[in-house]
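For reference, the chains in residue letters:
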Amino acid sequence: MTNKINIDETISWQQITPGGNVCASGNSEDFHTGDWRTIKPVFIADKCNQCLLCAPVCPDMAIPVKDGKRGDFIYEYCKGCGICAKVCPVKAIEMKADN
Amino acid sequence: MSIRERLSGNEAIAFAMKQINPDVVAAFPITPSTEIPQYFSQYVADGQVDTEFVPVESEHSAISACVGSQAAGARTMTATSSCGLALMHEILYIAASNRLPITIAAINRALSGPININADHSDTMGSRDSGWIQIYSENNQEAYDNFIQALKIVEHKDVQLPAMVCQDGFITSHAVENIELIEDAKVKEFVGEYNPECYLLNEKQPMSVGPYDTPSYYLEHKRQQAEGMKNAKIVALEVAKEFEKISGRKYGLFEAYKLEDAEAAIVIINSTAGTAKDAVDKMRNEGKKVGLLKIRLFRPFPAEEIAEALKHVKVLAAMDKTESFSSQGGPLGAEIKAALYHEEKSPKIVNYIYGLGGRDVKVEDISSVYEDLYEILATGVTGETYRYLSVRNQEGK
Ligand code: SF4
Ligand code: SF4
């Protein structure tokens, strides 16, 4: 149990960690918050001026930044809250229904 | 050589705590358990233990501090009674489900209201489904012995659950009786060091405790927790064997007293078992085949073993020192009936509510129960199964 074990919906009661204890660190990237989104942000790269105001306000890690530039959304982590779209000064993020 | 002393039940628990020398005790005073943290804080002040004593502002805080410190990796204990235990209720479940082997000395007292400070079992019976192991004690000696054994049960890797070690408020918590204490070194060796596999203060292995559990996992966690409780029964017997080696005193899942050939028997918890044994002896002298079964482990409930011990009895009274307001009887009655349900020739069973709010129960009261049982035996008519013992009744009897 001291090692990082993968817990998903196939895990048995015998294997799950007692009390849901997580005996590892840095594992929030294994937790995909994108499952329950109803709307999603769409990145319009042409409009983006790379001001990077959106990345730090994302409550999860759905906006990757590399070499000073943001990339497209990682939808696994996007809960569709729309904060990024609100903060973008040039409307380079549009919220759309997510089916 | 063991040490002969005269101690109250509270003193006995405080002394056991001193010998165990836990890492943390967090407690809030409430009658009749107040003396335990009081005596223990004296040991702390006198430097006789290394314990971090945390005087908190409520029982909710006491058990919350216990959860925090046990999760940190510290051996932790507390004491409480009645409304104090009720105030802990929310956190009791958290301690159990987080698999934190905390030990509570629970000094049984009635729950309000009407306000009452005397012994009955409404407090711990109110937490019977919280996931805590419950061990009951007839007298100061058993309270002491059970408290020391509890530590080894709760910390066992197959159990990892908290326990409450119960005894009757005032009746045994304050009554001074002879007691045989075990030498310090032997107790220390018996309980050993607490070495949890995962704990918060382990800098080599970071961990999170008590995360949110979605419907996809909660059921598996509860099933796993139930397994710990099942294992507690087996571990309790192993620990009892080891304990016998250092104390010479035998413990089982329950105590059977003159039960082997009994045709009428009662099942009872805590101090009234002592009174009931007197009643049994008296009636045995009159040639009546009576016996009793005294509960030690109530959680887990050793149903198979109890059924085995009781199945030959013809008529049985389960004695509840608490109400459950099911209009059927008390929690012990329900467990006993369930335990015997699968027996082909189950005894006739009645359930008495007795001694609520510290009402004195005398040998004659218990004898009257056996007489009632003999009447059922003679007439073959069970009659009302949900009864109150020695309650004043307008109709006379
Ligand atoms: S919608 Fe919310 S979660 Fe998704 S990328 Fe934007 S800020 Fe992050
Ligand atoms: S806030 Fe808008 S413009 Fe600025 S980086 Fe984000 S998407 Fe591009």
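All of these numbers come straight from a predicted model, not from anything done at the bench. (Residues numbered from 1 in each chain as written. Chains lettered and ligands numbered in written order. Predicted model: local features only at pLDDT ≥ 70, side-chain atom pairs only at ≥ 80, totals over all residues. Heavy atoms only, no water.)

*Asks:* Mind showing me how you'd approach the site of ligand 1 here?
*Replies:* Ligand 1 sits among Pro41(A), Cys58(A), Pro59(A), Ala62(A), Ile63(A), Phe73(A), Cys78(A), Lys79(A), Gly80(A), Cys81(A), Gly82(A) and Cys84(A). For the shell around ligand 1, the per-class residue count stands at nine nonpolar, two polar and one charged. (Near = heavy atom within 4 Å. Nonpolar A, V, L, I, M, F, W, Y, C, P; charged D, E, K, R; others polar.)

*Asks:* In this structure, what is going on with the domain arrangement of chain B? I would like to understand it.
*Replies:* The parts lose accessible area when they come together, and the size of an interface is often stated as this lost area. Residue and element names in this part refer to chain B. Split by domain assignment, chain B resolves into domain 1 (3–247) and domain 2 (254–388). Counting residues at the interface gives 30 residues for domain 1 and 26 residues for domain 2. Each partner contributes to the roughly 2200 Å² buried at the junction of domain 1 and domain 2, and carbon and sulfur atoms together form 53% of this total. By the criterion of area lost to domain 2, the three top residues of domain 1 are Tyr136, Glu138 and Lys233, representing 29% of everything that side buries. Here domain 1 and domain 2 share six salt bridges between them. A salt bridge links Lys294 to Glu142; the nearest nitrogen and oxygen atoms lie 2.5 Å apart. The tally of links between domain 1 and domain 2 comes to 22 residue pairs in polar contact (both at pLDDT 80 or more). Going through the elements one at a time, helix H5 (122–126), strand S6 (133–136), helix H6 (140–154), strand S7 (163–168) and helix H8 (218–247) are the ones with two or more residues in the side of domain 1 that touches domain 2. Grouping the amino acids of the side of domain 1 that touches domain 2 by side-chain chemistry returns 12 nonpolar, 11 polar and seven charged. (Domains from an automatic or database assignment. Contact = heavy atoms within 4.5 Å. Buried area = accessible area lost by both parts, 1.4 Å probe. Salt bridge = Lys/Arg side-chain N within 4 Å of Asp/Glu carboxyl O. Polar contact = N/O pair within 3.5 Å; in protein donor to acceptor, adjacent residues only side chain to side chain. Helix = DSSP H or I, 4+ residues; strand = E, 2+ residues; numbered from the N terminus.)

*Asks:* Can you walk me through the interface of chain A and chain B in this structure?
*Replies:* The interface of chain A with chain B comprises 19 residues on the first partner and 19 residues on the second. Summed over both partners, the interface of chain A with chain B comes to about 1700 Å²; 60% of that surface belongs to carbon and sulfur atoms. Counting the contacts that link chain A with chain B gives zero salt bridges. Our count for the chain A to chain B interface comes out at nine residue pairs in polar contact (both at pLDDT 80 or more). Its residues assigned to classes, the side of chain A that touches chain B comprises nine nonpolar, eight polar and two charged.

*Asks:* Would you mind going over the confidence of the model for chain A with me for this structure?
*Replies:* The predicted coordinates ought not to be read in detail in places where the model reports low pLDDT. Looking at chain A as a whole, its pLDDT mean stands at 91, while 95% of the residues score no less than 70. Mean pLDDT across the elements of chain A ranges from a minimum in strand S2 (residues 65–66) of chain A, with 96, to a maximum in helix H2 (residues 83–87) of chain A, with 98. (pLDDT = per-residue confidence, 0-100.)

*Asks:* When you look at the packing of aromatic side chains in this model, what are you seeing that I'm missing?
*Replies:* Each aromatic ring pair is described using two quantities: the centre-to-centre distance and the angle formed by the ring planes. Enumeration over the complete set of coordinates arrives at eight aromatic pairs over all chains. Plain terms: the ring middles of Phe73(A) and Tyr75(A) are 5.9 Å apart, the flat faces sit at 45° to each other, and that makes the pair tilted. Overall, Phe73(A) belongs to the buried group, its relative accessible area being 7%. Exposure remark for Tyr75(A): the relative accessible area of 26% places this residue in the partly exposed category. On the numbers, 6.4 Å between centres and 90° between planes, the contact of Tyr136(B) with Phe298(B) is edge-to-face. Within this pair, whereas Tyr136(B) is found in strand S6, its partner Phe298(B) is found in strand S12 (residues 297–299), the two being separated by 162 residues in sequence. According to the relative accessible area criterion, Tyr136(B) is buried, its value standing at 1%. The class for Phe298(B) is buried, based on a relative accessible area of 0%. (Phe/Tyr/Trp six-rings, centres within 6.5 Å; stacked < 30°, edge-to-face > 60°. Buried < 20%, exposed > 50% of the residue type's maximum accessible area, 1.4 Å probe, protein only.)

*Asks:* I'm lost on the pattern of salt bridges in this one. Help?
*Replies:* When their charged atoms lie close together, side chains carrying opposite charge are able to pair. All names here are of chain B. What the rule picks out here adds up to 26 salt bridges over all chains. Here Lys233 and Glu304 are joined by a salt bridge, their closest N and O atoms 3.2 Å apart. With Lys233 in helix H8 and Glu304 in helix H10 (residues 303–310), this pair connects stretches of sequence that are 71 residues apart. For Lys311, the salt bridge is made with Glu308, and the minimal N-O distance between the two is 3.2 Å. Classification of Lys311 as partly exposed rests on a relative accessible area of 33%.

*Asks:* Would you take a moment to explain the state of the cysteines for this structure?
*Replies:* Covalent bonding between the sulfur atoms of two cysteines is what defines a disulfide. Enumeration according to the criterion identifies one disulfide over all chains in this entry. Covalent S-S linkage joins Cys23(A) and Cys198(B), the inter-sulfur distance amounting to 2.5 Å. Remark: Cys198(B) occurs in the loop between helix H7 (184–191) and H8 and Cys23(A) occurs in the segment before strand S1 (39–43); the pair is interchain, linking two chains. Since its relative accessible area comes to 4%, Cys23(A) is described here as buried. (Disulfide = S-S within 2.5 Å.)

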